[in-house]
Structures are given as C-alpha cells and as structure tokens.
Amino acid sequence: MPQLIRVRPTKIELIRLKRRRALAKRVQKIVKDRLAILTMEFLQVARENVVKKRSLIEEFVRAYRSQIVAAGYHGYIALEKEFAASEADLRIATGSRNVAGVRMPVFELKEDKPLTEFRGKAGVLVGVSLIDTSSAVDQAAESFRKCLEIIIEMAELQRNLELLGMEIKRAKRVSNALEYVVIPNLQVTIKYLVMKFEERAREEKSRLKRVKVLLQ
Amino acid sequence: MAEEMLYEKTLQQYLSDELKLVNAHLPRQRKSLSALLDEEYPHVKCSDGGVQSFKKKELAYLATLLNEEECQRLMLPMLIEVLSGQGESIVLSSVGVEEKVISHILEMPLVRTERGLRIYRPQLSALRQVLRTTTQYVFLAVLGVPRSEDMVKRPVSLFGEERVKV
C-alpha cells in the first residue's frame, strides 16, 4: 500500500516531487536493463561452468588412466625420478574486468617455459628423457596440463558466478524497491497535492462568487 | 519531518549514484588490437580508475580473423550500447572492422544502422561468450546524460582519437 510522503503542500514541492519521480523512473529503467544483462551473463557463466566441470572430470579420468599405465610400465620410483626433473614454476596473470558495474577477476595461465612441447600428435613433458619414458607419460602430462588450465578457468568462472549472483540480488532489491515503494509513494503524493490544489482553487472560486453575491 | 527529508535526500543521492555506477567502467582511451598484442599484460584504464584486462587468448583469436592493417584499426574494448526496454543492442562501430569480426563470430550478416551494428539479445549472448574481455556494455539511452550521438562530439575521453561518425 503506497504511503503519502509528508511534504508541505506547495507548488514548488509538487515540482520537486515530479522531478524526483522522473529520476526514479529513469533509474528503474536502467536498473532493469542492467538486471537483464547481469542475468544473461550469470546464465552464460553458469552454463560454461557446467561444461568446464564436465570436461575437467573427463580430463582427470584420462590423465589418471595414462598415469596408471605409465606407473605400471615404468614403476613408481622411475616415474617419480622423471617427474622431478620436469618441475616448473607456474605463473598466473591476474586482472579484472567490469560487466555492467560488477568488477570481476580474470585469470590466465602464463607459460614462460612451456610445461609440455608439441611434438607429433601429443604434448611431450619438458625435462623428461624421451628414451627412458613411454608415450603414456607424455599423455598423462598433456592431460594434467589441460586439467590445470581448466581449473584456473573454473576458478575465474566460480568467482564470477558468486559476484554476479550477489549483484543480481542487490539490483533486484533496488528494482523492486523502486517499482513497489518509491515510485508508488511519489505518485500518490503527487496525486494528493494535485487534488489539494484543485480543491483550493475550487474553494477560492466559490469564495469569490460568494463575495461577489454579497457585494451585489 | 527532518528525518524524512534526510531520508528523501539520501534516496535521491543513491539514485543519482546508481546512474553513475553503471558507466563507471568505460575506458578512458581505447587501444588498437596490434598495440595490445605487443603488451605483456594487455589492459586499458577505466574512467573510475580501475583496469580492464584482456585475455591474450581472446586477442590472439581476434588477430587470426584480421589482417595486419585491420588489427591496427580495431579499437578495443568494443563498446556495446544497451538500448533501454528493447531486446536489442548496438555495437558502436566507427571503422567497420567490428562488423567483420562480429559477423564471423555470429556466422551471419549484421544490420548496420547509422550508429553502429544492431544485434539482438541471443546474438549478444553468443558474442559475449567468445569476446568476454574485449567487449564492454554502455548504458546510454536512459540517462539524462548524452546519448551516443552527443558523446561522439565530446573530446577524447570515451573514444580516444577515433570517433564514431554519425
């Protein structure tokens, strides 16, 4: 139920209220547009998150399968020795981007020295002896590298999802407040003031008529 | 009464701030694709003092679609004007390179208006999926602030040296 705003019944207040209503309507429109954009982005990120999660699981299955084969073929000790030589520092470039007023993180894996090199059909783990190891090691390395990439992408998506969700909630609250409280209150008050002025004008008119009759 | 006035004033201020917030992320000056490709951490500065980072993967993808001259002409981030209350948006395009990129991504020819390329919401979604960091939204139509026609006449701030010719 809209409530009257307590204002002095003057013309200047009426003008002020009308201006405020115009501003509120403009803000409401923009908030609605923003909400539509944020919702679209949210759904897109959510969809992509699902796809990435699925591909991460598939890639992990592939990687562990290759690792098991490699471990069975070479033995754990030999494998660990090979992997120790292939250790590399990882660098993640971080930044930010802004979507309709929401600042979101951007992560990107930076490979100064590539973890795997592209040779033939599969990636080959850098630092590992090509003679002493089988292709299963290379396959596992390539799959784990892909997993790493997907994990970083998923970290970004997950945070984006959280931030977008929070902003959508806030924008929705603003939109609802404008739609159901602020604008109706302003409209009711404007209507009340207009009626009051009309009533005053009628009173004035009848008073003048009465005075005219008395004078005659 | 005084409390109510204060509340109203605060509300008014809040609403005005809300309008400022949505466009606070616009770039101070856009950079060409070829310039961004040369940077180690490609980014542009925003009008609110923040930074808009670009993913190298996205830039590399754009570079595969364009030749060298077009890479120099393509200014990033691409600005997408959201039209209020309508299910469509406009990609502000001054040099036409954007048209080539976007029509390639959407796999269909685009409608060109005097202000830029007209795209619809489902297309916008598809476009943003591919070009997430290299596009940005602009909310113009609703504000008491200038529309895009007015904005292009303003000096440097939004579009840098190149401006949309209307």
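Data block above holds the structure.
Read on for an overview of the structure.

Okay, the sheet that holds strand E7 (residues 111-112) of chain B next. Residue and element names in this part refer to chain B. Read from one edge to the other, the open sheet built from 5 strands follows the order E7-E8-E6-E5-E9, with strand pairing classed as mixed. Across the chains shown, the open sheet's two edge strands, defined by having one partner strand only, are E7 and strand E9 (135-139). Where strand E6 (residues 88-92) and strand E8 (residues 116-120) come together, 5 bridges link them in antiparallel fashion. Note that in E8 the partner of isoleucine 90 across the bridge is arginine 118. Where helix H5 (residues 97-106) meets the sheet, its contacts fall on strand E5 (78-82), E6, E7 and E8, and the angle it forms with E8 comes to roughly 20°.

Looking now at the packing of aromatic side chains. All names here are of chain A. Under the counting rule described, the total for this entry stands at 3 aromatic pairs over all chains. When the ring of phenylalanine 60 is compared with that of phenylalanine 144, the centres are 6.4 Å apart and the planes differ by 70°; the resulting orientation is edge-to-face. A residue pair is termed long-range when its members are at least 10 positions apart, and phenylalanine 60 in helix H1 (residues 11-74) and phenylalanine 144 in helix H3 (residues 135-215) qualify at 84 residues. Phenylalanine 144 gets classed as partly exposed once you look at its relative accessible area, which sits at 26%. Relative to phenylalanine 144, the ring of tyrosine 64 has its centre 5.3 Å away and its plane inclined at 85°; by these criteria the two rings are edge-to-face. Residue tyrosine 64 is located in helix H1, and its partner phenylalanine 144 is located in helix H3; the two are separated by 80 residues in the primary sequence. Three or more aromatic residues link up through ring pairs in this structure, and these residues are Phe60, Tyr64 and Phe144. Above the ring of phenylalanine 197, the side-chain terminus of lysine 11 is found at 4.9 Å from the ring centroid.

With that settled, the discussion passes to unusual backbone geometry. What is expected of a backbone is that most residues other than glycine have negative phi and most peptide bonds are trans. With an omega of 0°, the peptide bond between leucine 76 of chain B and proline 77 of chain B qualifies as cis. For proline 77 of chain B, the location among the structural elements is in the loop between strand E4 (75-76) and E5. Non-glycine residue alanine 100 of chain A carries a positive phi angle of around 45°. As for its position among the elements, alanine 100 of chain A is in the loop between strand E1 (91-99) and strand E2 (102-110).

Right, let's talk about a positive patch on the surface for a bit. Residues and elements named next belong to chain A. Residues Lys11, Lys18, Lys196 and Arg200 make up a contiguous surface patch of positive charge. Mapped onto the positive patch, the elements with two or more residues apiece are H1 and H3. Within the secondary structure, lysine 18 is located in helix H1.

All right, on to the packing of H5 of chain B against helix H6 (residues 121-130) of chain B then. Residues and elements named next belong to chain B. The N-to-C vectors of H5 and H6 enclose an angle of 100°; their axes lie 10 Å apart at closest approach. Relative to H6, the element H5 is oriented roughly perpendicular. The residues of H6 that touch H5, namely those facing Ile102, Ile105 and Leu106, are Gln123, Ala126, Leu127 and Val130. Classifying every residue of the contact of H5 with H6 gives 6 nonpolar, 1 polar and no charged.

Calculation notes
Residues numbered from 1 in each chain as written. Chains lettered and ligands numbered in written order. Predicted model: local features only at pLDDT ≥ 70, side-chain atom pairs only at ≥ 80, totals over all residues. Heavy atoms only, no water. Pairing = 2+ DSSP bridges. Helix = DSSP H or I, 4+ residues; strand = E, 2+ residues; numbered from the N terminus. Contact = heavy atoms within 4.5 Å. Axes fitted to C-alpha atoms, helices over the stretch in contact; angles between N-to-C directions. Phe/Tyr/Trp six-rings, centres within 6.5 Å; stacked < 30°, edge-to-face > 60°. Buried < 20%, exposed > 50% of the residue type's maximum accessible area, 1.4 Å probe, protein only. Lys NZ or Arg CZ within 6 Å of the ring centre and 35° of its normal. Patch = residues over 30% accessible without salt bridge, like charges linked within 9 Å, V, L, I, M, F, W, Y side chains within 5 Å. Areas by Shrake-Rupley, 256 points an atom, 1.4 Å probe, with all protein chains shown as cover. Salt bridge = Lys/Arg side-chain N within 4 Å of Asp/Glu carboxyl O. Lys, Arg positive; Asp, Glu negative; His and termini not counted. Charge placed at Lys NZ, Arg CZ, Asp CG, Glu CD. Parallel < 35°, antiparallel > 145°, perpendicular 65-115°, else oblique. Nonpolar A, V, L, I, M, F, W, Y, C, P; charged D, E, K, R; others polar.

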